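Single-letter residue listing:
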Amino acid sequence: MTQKRKSQKKGVSAFDKIMSHQQLFEKIKLIAGFLLVSFSLYLLLAFISFIFSGGDDQSLFDVKSGDFILRPGIQARNWAGKGGAWLADVFINRWFGLASFIFVFPFGIIGLRMWGRKPVPLFKTLAFSFFLILWTSITLGYFFISSYEDSFIYLGGVYGFYLSNWMISFFGSIGTFLVLSLCFIAFLIFTGQKMSIWLNNILDSAKRIKEGNNGNEELDSDAVIPASVAVPAEEEKRFTKLITDNDTIEADFDPDQDEIANDEDDVDFAAELEDLEADNNDLEVLVADKVPEDEDYRPNLPEYNPWLDLSSYKFPSLDLMDDHSTDSADVTNEELISNKNRIVETLRNYKIEITKIKATIGPTVTLYEIVPAPGVRIAKIKNLEDDIALSLSALGIRIIAPIPGKGTIGIEVPNRNPEVVSMRSVIASRKFQEMGAELPIALGKTISNETFTVDLAKMPHVLVAGATGQGKSVGLNAIIASLLYKKHPSELKFVMIDPKKVELSLYAALEKHFLAKLPDEDEAIITDIHRVKATLNSVNVEMDQRYDLLKKALARNIKEYNKKFIDRKLNPEKGHRYLPYIVVVIDEFADLIMTAGKDIEMPIARIAQLARAVGIHMIIATQRPSTNIITGVIKANFPTRVAFKVASMVDSRTILDTPGANQLIGKGDMLISFGSNLTRVQCAFVDTPEVERICEFISEQKGYDSAFLLPEFIDDNTNGGEINGSDPSNRDELFDEAARLVVMGQTGSTSSIQRKFSIGYNRAGRIMDQLEAAGIVGSSEGSKARKVLVQSEYDLERLLSNN
C-alpha cells in the first residue's frame, strides 16, 4: 500500500514538472510573439518614414561599409532612427522596392499565432506573401525603369530591376506585360473565394485583441459566446437599419375614417419565448453536505479549452446563404383600408360596434386589433370567424379573443403578397447575433416582424407536426442551421434518425464534426428502423453515465459540471470528461411508432423526462398528428410544440390542445406552443443548396478522427458475448496491445489505456469490457482499478493464442 502511494506521488510530481515546462514554453511563445509583432510595426514605421526622409538619409551612410550605424554623432531623419533607415534602405532599395511593405504582414501573422491567434493559415499566408512581393517588385521594376536614374527610391528594388530586365530580354516588352498580367489573374482566381473569409477573421482577431482578450481563446461557461459569423458590411448596415428602425409597422385608425395614422410611439411586440423553464419531471442531483474528492484538482493548471482539438475551426459565414426576400411583398395602405372597412362592415351587420382598430403588419399576416364597445360579448365576435373570412375573401382567418395581456381582440388576416423570410436575414439579425443562450435557435419572424429566437436548452424538447408540404422539413433545417452557426463541434453533437432516408442525408458530411453514433454503425445517419431502438437505448445509457458523473462532481446540471471541468476541479483520470450537448433529431416519428411501437416510445419518454439536466434534448417531427402517434406519454414530456398547417381541428387539438393550426395558410406559417403561450411565426426559409453549402464548408475543415461514439447498448434478449466483444472477431484492433499494457503494469485502468493509445474514453471503456470478457481483468470495483487476473506475459500470450 505504501509503495502504491509513493508511485502515485511520483506520477503527480512528474506531471507537474511537465506542465511547468509547458507553461515556460507558453511564456516564451508570448514573448516571441510580442517581439515579432513589435518588429513588424517597427518595419512599417521605418518604411513609411523612408518615403519622406530617405533622400536626406542617403548621405549619412556608406552603402558598402555602413559605418554610420556605429557612429553616435550621426543622426538619421527616419522616424525609426538609424536602424530603421538602414533596414528601409536594404529592404526597399537593395531588395524588393515598395513591395517590401508586404513583409510586415507575415511577421505580424506569425507573431499573432505565437499568441494563440490564428486568423489565417500560416503556410498559405507565407506563400501568397512571397508571390505578391516578387510580382509587385518585378511589376514596379518593369513600369518604372527610368526612376532608377533620377530618384533615391528604387520602386521595384534591385531585384525587381534585374528580373524585369531579364524578362524583357527573354519575352519582350509586350510579352513581359502579358506574363505579369496572367500571373496576377491566376492569383486572384485561386485566392478570390477565400480572401473575404480571411479578411473577416483578421478583423475579428484585431477587434478581440483591442478589447483586451490577450489571446486567450478559452471559454468561460458563464460568458456570452459571440457567433463567429462573417457579416458583410452591407449586410451589417442593412440589418442594423431593420432593427434600429421601427420593425413593427402599426397603424391606428378610427372605424369611420378612411385615413391611417402611424403611431410610432405605440409599438407592441409579440410575446417572446425566453427565460422559461419546462415544467416536467427532470431528475436533478441533490447537493450533499460534503466536498467531492476531486475538488481543487490541480488548480494551478490553465483552464481546459474544449475548442483546443479543433482550434482552427471556422464558423459558417453568411455568404453560404441566399437572400430570398422580395421587394413586392409590402402591404399597401389601400389593402389596410379595404380590410378595415370590410371588418367594420361585417361586425356592424351583426350589430357589433367597435371603438378602435389597430393594424400590425407582419411578413405574411396582418394583425387587426379591435376594441369592442362596452357590452359586446367576446364569444359573439369569435363566432363570426367564417363570416369575416367570407367578406375578406381570404383563407386562414384566425380570431384571438382576447389577446393575452391586452384588452383587445385580434383578427389575423393573410397578406395578399406574403413576404418570404430568409434564413440569412434571421441569422444576421442583431437579436440572434447577440443571443447568449446555450443552444440558440432562430425560427423566423413574428407578426410584429421581430426575429423569433429561443433556447433549446430551456424548451427542452420539441414536437414538430404538420401536413405534407407545409414547411416541416424546412423548419427542421432552420433549427439545425441555427445551431451550426452558433456552436463549436466540441460543444454540440447530433443523433439523427431518418426513416425516410432522404430528409437528413445532407448532414452525413458532418460525421467527424457534429454527429454521434454507435461504435459499430457504418453510417452516422440512422435509417434502419431496427437500429433505432439500439441507438435510443444507447442515448439512455449515455444519460445514466452523465448523471453518475454529475453525482460524483456534486453538480446539478451540465452547465455547472462543465464549468468545474474547465476550471480543472475534476480529475479526468477518475472518468470525468467534458460533456457536449446532444440533440436527438427524429424525422417521421409516425413510421417508427407504427413499426416498433412501445420499443421506441418508452426510450423517448425516458429521455424526455430525465435528460434535460445532462444536456440531452430531443426534436421529433411527424406528418401524422393523430392520437395513436402523439400519445399522452409523448405530449406530457414535450412541453414545446410547433404546429404547421394541418387538415382538421382535431389534428390541431392533438398537437396544441387548442384549435388554430388548421387555420394557418401554409408555406412555413406555424404556431408555437410553450405552456400557455401561443405564438404565430413565419418560419425562415432555408433551401437545400444552402444546407449543402453549409455542410460542405464544415466538412472541408479538419475534424475529429471519428464521430462521437455513444456507449454500447447490451440487449437482454441478445447474446451479450457478441456485443461486449468476448468473440475474438468483434474485438477492438488495440485489444492485444492493451492486454499487454495491463499485464505488464498489473493495473486495470481505463484512463491508462486512454492516455497510452490516445483514444476516447468510450473506446477505452469498451476495450476494458472486452478484457474482462476475455478473463484478463476482473469486474469493475467503482473508482478503484480493476484486478489483473493474468500474472505474466507468458500466460497472456498463451491465452491470446488460444483465443
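Predicted model only: the values in this text are computed from it and were never measured.

A. Highlighting the overall build of the chain. Across its full length, the chain holds 25 helices and 17 strands. At a minimum sequence separation of 6, the contacts of the chain that also span at least 24 residues come to 70%. Surface exposure of the chain reaches about 38,900 Å², of which carbon and sulfur atoms provide 55%.

B. Inspection of helix 8 (residues 333-349) at higher detail. Between its first and last C-alpha, helix 8 extends 24 Å over 17 residues, near the 24 Å set by a 1.5 Å rise per residue. Positive backbone phi, at 60°, marks Lys-351, one or two positions downstream of helix 8.

C. Seen up close, a nonpolar patch on the surface. Together, Leu-41, Leu-44, Leu-45, Ile-48, Ile-51, Phe-52 and Trp-79 give the surface a local cluster of nonpolar side chains, amounting to about 680 Å² of exposed area. Along the chain, Ile-48 falls in helix 1 (residues 2-57).

D. Representation of the nonpolar core within the structure. Counting residues in each nonpolar core, the largest one holds 116 residues, and the members touching the most others are Phe-494 and Ile-586. Sort the elements by how many residues they give to this core and helix 14 (residues 529-553) lands first, with 9 residues. Beyond its immediate stretch of four places on either side in the chain, Phe-494 contacts Ile-480, Leu-483, Leu-484, Phe-514, Leu-515, Ala-516, Val-583 and Val-585. Val-331, Ile-381, Ala-394 and Val-413 belong to the second largest nonpolar core, which has 23 residues in total.

E. Just the pairing of strand 16 (residues 677-683), in detail. Burial runs high along strand 16: 5 of the 7 residues are buried. Pairing of strand 7 (residues 440-446) with strand 16, which is carried by 3 bridges, proceeds in the antiparallel orientation. Along strand 16, the bridge assignment pairs Thr-446 with Val-681. Of the pairings in the sheet, the one linking strand 15 (residues 669-674) to strand 16 comprises 6 bridges and is antiparallel in character.

F. Structural detail: empty space enclosed by the protein. Overall, the coordinates contain 7 cavities of 30 Å³ or more when judged by the stated rule. Estimates place the volume of the largest cavity at around 50 Å³. As for the largest cavity, its lining consists of Pro-363, Thr-364, Val-365, Lys-445, Thr-446, Ile-447, Asp-669, Arg-680, Val-681 and Gln-682. Element by element, the count of residues in the lining of the largest cavity is highest for strand 16, at 3 residues. Of the residues belonging to the lining of the largest cavity, the class tally is 4 nonpolar, 3 polar and 3 charged. When its volume is computed, the second largest cavity comes out at roughly 40 Å³. Lining of the second largest cavity is provided by Leu-443, Val-464, Gly-475, Leu-476, Ile-479, Val-642, Phe-644 and Met-670. Breaking the lining of the second largest cavity down by element, the ones donating at least two residues are helix 13 (472-486) and strand 14 (640-644). Per-element tally for the lining of the second largest cavity: the top contributor is helix 13, with 3 residues. In terms of residue class, the lining of the second largest cavity is built from 7 nonpolar, 1 polar and no charged.

G. Layout of the packing of helix 23 (residues 750-757) against helix 24 (residues 761-773). Direction vectors running N to C along helix 23 and helix 24 enclose 120°, while the axes themselves pass 9 Å from each other. The angle between helix 23 and helix 24 places the two elements in the oblique class. Note that helix 23 runs across helix 24; the crossing there is right-handed. Contacts between helix 23 and helix 24 involve Thr-750, Ile-753 and Gln-754 from the former and Tyr-761, Ala-764, Gly-765, Ile-767, Met-768 and Leu-771 from the latter. The class makeup of the residues in the contact of helix 23 with helix 24 is 6 nonpolar, 3 polar and no charged.

H. Molecular detail of the confidence of the model for the chain. Chain-level pLDDT for the chain is 77 on average; 76% of the residues reach the 70-or-more range. Here residues 1-15 scores under 50 on pLDDT; set against residues more than four positions off or in separate chains, the count is 2 contacts.

I. Geometry of the side chain of Lys-486. Its place among the elements puts Lys-486 in helix 13. Reaching out from Lys-486, the side chain makes a polar contact with the backbone oxygen of Phe-432 at a distance of 3.2 Å.

J. Local environment of the packing of helix 22 (residues 735-745) against helix 24. Contact geometry of helix 22 with helix 24 gives a least axis separation of 10 Å together with a crossing angle of 75°. Looking at the two axes, helix 22 sits roughly perpendicular to helix 24. From helix 22, Phe-735, Ala-738, Ala-739 and Val-742 reach across to helix 24, where they touch Ile-767, Gln-770 and Leu-771. Here the contact of helix 22 with helix 24 is built from residues that sort into 6 nonpolar, 1 polar and no charged.

K. Up close: the side chain of Arg-398. One can find Arg-398 in strand 5 (residues 398-400). The residues contacting Arg-398, other than those within four sequence positions of it, are Glu-385, Gly-410, Ile-411, Glu-412, Gly-660, Gln-663, Leu-671, Leu-678 and Arg-680.

L. A look at the packing of aromatic side chains. Going through the model one piece at a time under the given rule, you end up with 17 aromatic pairs. Aromatic side chains Phe-47 and Phe-91 sit 5.6 Å apart centroid to centroid with 55° between the ring planes, which places their arrangement in the tilted category. Within this pair, whereas Phe-47 is found in helix 1, its partner Phe-91 is found in helix 2 (residues 81-96), the two being separated by 44 residues in sequence. Centre to centre, the rings of Trp-135 and Phe-184 are 4.7 Å apart; their planes meet at 25°, and the pair counts as stacked. Here Phe-184 lies in helix 6 (residues 157-210) and Trp-135 lies in helix 4 (residues 122-143), a separation of 49 residues in the sequence. The exposure class of Trp-135 is buried, given its relative accessible area of 18%. In this structure Phe-184 comes out as partly exposed when scored by relative accessible area, which is 27%. Taken together through their ring pairs, the aromatic side chains of Phe-47, Phe-91, Trp-95, Phe-96, Phe-101 and Phe-103 make up a single cluster.

M. Seen up close, the sheet that holds strand 13 (residues 616-622). Taken in spatial order, the 9 strands of this open sheet run 8-7-16-15-14-9-13-12-10, and their pairing is mixed. In this open sheet, the two strands that pair with only one neighbour each are strand 8 (451-455) and strand 10 (492-497). Strand-to-strand twist of the sheet, defined as the mean angle between neighbouring strand axes without regard to direction, takes the value 25°. The sheet contact formed by strand 10 and strand 12 (residues 581-586) spans 6 bridges and is parallel. For Phe-494, the partnering residue across the bridge sits in strand 12 and is Val-583. Set on the sheet, helix 13 makes contact with strand 7, strand 9 (462-465), strand 10, strand 12, strand 13, strand 14 and strand 16; between it and strand 7 the angle comes to about 130°.

N. Quick peek at the pattern of salt bridges. If you walk through the whole model with that rule in mind, you get 25 salt bridges. The partner of Asp-544 in a salt bridge is Arg-606, and the shortest N-O contact between them spans 3.1 Å. Of this pair, Asp-544 sits in helix 14 while Arg-606 sits in helix 17 (residues 598-610); the two residues are 62 residues apart in sequence, bridging distant segments of the chain. Note on Asp-544: relative accessible area 31%, which makes it partly exposed. Classification of Arg-606 by relative accessible area gives partly exposed; the value is 31%. Three or more residues are tied together by salt bridges with common partners; here these are Arg-398, Glu-412, Asp-669 and Arg-680.

So, how was this worked out
- Residues numbered from 1 in each chain as written.
- Predicted model: local features only at pLDDT ≥ 70, side-chain atom pairs only at ≥ 80, totals over all residues.
- Heavy atoms only, no water.
- Helix = DSSP H or I, 4+ residues; strand = E, 2+ residues; numbered from the N terminus.
- Contact = heavy atoms within 4.5 Å.
- Areas by Shrake-Rupley, 256 points an atom, 1.4 Å probe, with all protein chains shown as cover.
- Expected span 1.5 Å × (residues − 1).
- Patch = residues over 30% accessible without salt bridge, like charges linked within 9 Å, V, L, I, M, F, W, Y side chains within 5 Å.
- Salt bridge = Lys/Arg side-chain N within 4 Å of Asp/Glu carboxyl O.
- Core = buried A, V, L, I, M, F, W, Y, C linked by side-chain atoms within 4.5 Å.
- Buried < 20%, exposed > 50% of the residue type's maximum accessible area, 1.4 Å probe, protein only.
- Pairing = 2+ DSSP bridges.
- 1 Å grid on protein atoms, 1.4 Å probe; cavity = no way out; pocket = protein on both sides within 12 Å on 5 of 7 lines; lining within 4 Å.
- Points joined across faces, edges and corners; volume = space filled by probe spheres on them.
- Nonpolar A, V, L, I, M, F, W, Y, C, P; charged D, E, K, R; others polar.
- Axes fitted to C-alpha atoms, helices over the stretch in contact; angles between N-to-C directions.
- Parallel < 35°, antiparallel > 145°, perpendicular 65-115°, else oblique.
- Left-handed = near helix turned anticlockwise from the far one by under 90°.
- pLDDT = per-residue confidence, 0-100.
- Polar contact = N/O pair within 3.5 Å; in protein donor to acceptor, adjacent residues only side chain to side chain.
- Phe/Tyr/Trp six-rings, centres within 6.5 Å; stacked < 30°, edge-to-face > 60°.

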